[in-house]
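Report on the structure
Residue-level listing of the chains:
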Amino acid sequence: MELVIITGMSGAGRTIVLRRFEDLGYFCVDNLPPPLLPAFARLTESETKVSRAAVVMDLRARPFFDGIAEIVKGVSESGLQPFILFLDASNEALIRRFKETRRKHPLFSSRQGVMESIIAERTILEDVRALADKVIDTSAMAAKDLRTEITASFRETGLSGPTITVRSFGFNYGLPLDADLVFDVRHLINPHYVPALRGLTGRDEEIVRYVEADPDTAPFVDRLKEFVSFTLPRYIEEGKAYLTIAIGCTGGRHRSVMIAEQLGAHLSAQGYRALVRHRDVNKGG
C-alpha cells in the first residue's frame, strides 16, 4: 500500500497536485483532518482494490491540524510508511497568487495581513516540513510544469532507486527552495557576452562547443560526476527516495543548462531515474 501525504504552504499548488494524483490512478482525499489519518490508513490497507492513495492535509483543517507531525510518526510506527510531499514557494510568489485569485489565506484575520499569515504558516509547518521526503519549490513553476513534475516522479516505472532531479537555475532569480545539493558554474566562460550566442541556450550545440572550449570545463564536469557518483549511494543508504541537484549560473540560460544536461545523461547511464529540469532557461536572453 502506497500512501502519499500532500501538505505545504497555502497557495503553493496542492489542488493542482492532487488532481494530477487522481489522473495517475491514486485514491485521493482533500482536506483530511490529521486525527483521521490513522483510520484512513487502516481503511485503505484493508481495501484490496486500493493500492495507491494520496491525501491533502493543511491548515484548512484547523483546529485539528495541531500535532500533525506526531500523528504521521504514529502511522509510520504502525508499519505503513507514508510518503510526505511538501509544496513550498517564496513569500513573494504566494502573495502574488493570493492577489490574483482573491482567495483568503486560512490564517488571515483583522489582526494580520497576508504576509503575516504566510510567516505564521511557515512556523506552524516547520515540524512536518522537516519530515518531508520530497520538497517541491513551485515559485517559478507554471501549472503545467508542476503537473509534469508530479507525473515524472510518481508514475509507475520499472526503474529502481531514487528519483534524482537535476535542476538548472539562475542566481539572478534566487536559489531553488527544493535543492539538496547546489553547484555554482559561474566560474566557466560565459556565452552571454558573445552576441551571436546570447539568444541560444545550453541545449544548443554552439553553446556546448563554446563552453567546452574553456579548459576548466572538462575537469569540473569530471569532478562533479565523480562527487555525485560517490554521494548518491550514501543518500540511498539513508533512505533518500528523492534528491534535487541544482546547477546554477548567472542567468540560468547557458552554462547551468549545459552542465545539467550532461549530469542528467551521466546519471541515466548509471541506471538512476534522472529528471532534468530548467527553471530559468526562458528568462532573459
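Scroll up to find the structure this text is about.
In this report, the structure presented in the accompanying data block is examined.

Criteria and thresholds
Residues numbered from 1 in each chain as written. Predicted model: local features only at pLDDT ≥ 70, side-chain atom pairs only at ≥ 80, totals over all residues. Heavy atoms only, no water. Buried < 20%, exposed > 50% of the residue type's maximum accessible area, 1.4 Å probe, protein only. Helix = DSSP H or I, 4+ residues; strand = E, 2+ residues; numbered from the N terminus. Arc of directions from axis to C-beta. Contact = heavy atoms within 4.5 Å. Pairing = 2+ DSSP bridges. Axes fitted to C-alpha atoms, helices over the stretch in contact; angles between N-to-C directions. Parallel < 35°, antiparallel > 145°, perpendicular 65-115°, else oblique. Left-handed = near helix turned anticlockwise from the far one by under 90°. Nonpolar A, V, L, I, M, F, W, Y, C, P; charged D, E, K, R; others polar. Core = buried A, V, L, I, M, F, W, Y, C linked by side-chain atoms within 4.5 Å. Salt bridge = Lys/Arg side-chain N within 4 Å of Asp/Glu carboxyl O.

Right, let's get into helix α8 (residues 205–212). If you check which residues of α8 are buried, you get I207, V208 and V211. All buried residues of α8 project into a common sector of 100° when viewed along the axis, lining one side. Of the surrounding secondary structure, the elements contacted by the buried residues of α8 are α7 (195–198), α9 (217–237) and α10 (255–269).

The next point concerns the sheet that holds strand β8 (residues 242–249). The four strands lie next to each other as β7-β8-β6-β9, forming an open sheet whose pairing is parallel. In this open sheet, the two strands that pair with only one neighbour each are β7 (181–184) and β9 (273–278). In this sheet, adjacent strand axes meet at a mean angle of 20° when their direction is disregarded. Bridge count for strand β6 (residues 163–170) against β8 is eight bridges, and the pairing is parallel. Bridge assignment links F169 to a residue of β8, and that residue is G248.

A few words on the sheet that holds strand β4 (residues 83–88). Strand order across the open sheet formed by five strands is β2-β3-β1-β4-β5, with parallel pairing between neighbours. Of all strands in the sheet, those with a lone pairing partner are β2 (27–29) and β5 (134–137), marking the two edges. Within the sheet, the average angular offset between the axes of one strand and its neighbour, ignoring direction, is 20°. Where β4 lies against β5, four bridges are found, and the strand directions are parallel. Residue pairing across strands places F86 opposite V135, the latter belonging to β5. Lying on the sheet, helix α1 (residues 14–23) is in contact with β1 (2–8), β2, β3 (52–56) and β4; it crosses β1 at an angle near 165°.

Quick look at the packing of α9 against α10 now. As a packed pair, α9 and α10 sit with axes 11 Å apart at the nearest point and diverge in direction by 45°. By the angle between their axes, α9 is oblique relative to α10. Crossing hand, α9 versus α10: right-handed. Taken together, the residues of α10 that come into contact with α9 (itself represented by T217, F220, V221, L224, K225, V228, S229 and L232) are M258, I259, Q262, L263, H266 and L267. Among the residues making up the contact of α9 with α10, the classes are represented as nine nonpolar, four polar and one charged.

What follows deals with the side chain of S117. On the secondary structure map, S117 appears in helix α5 (residues 114–130). Note on S117: relative accessible area 0%, which makes it buried. When neighbours within four sequence positions are excluded, S117 is seen to be in contact with H105, L107, F108 and Q112.

With that out of the way, let us pick up the environment of G79. Positionally, G79 belongs in the loop between α3 (68–77) and β4. In this structure G79 comes out as exposed when scored by relative accessible area, which is 55%. For the pair formed by G79 and A269, sequence separation is 190 residues and the distance between their alpha carbons is 35 Å.

Our focus in this paragraph is the nonpolar core. Counting residues in each nonpolar core, the largest one holds 49 residues, and the members touching the most others are V4, I6, F21, L37, L85 and F154. Not counting residues within four places of it along the chain, the set of residues in contact with V4 comprises F21, Y26, A53, A54, V55, F83, L85 and F154. In this structure, L197, V228, C249 and A274 belong to the second largest nonpolar core, which totals 26 residues.

Taken as a whole and judged by the stated rule, the model has 16 salt bridges. Here R60 makes a salt bridge to D58, at a shortest N to O gap of 2.8 Å. Residue classification places R60 among the partly exposed positions, given a relative accessible area of 39%. Classification of D58 as buried rests on a relative accessible area of 0%. Residues joined by salt bridges that share partners form a network here, namely K134, E149, R167, D178 and R277.

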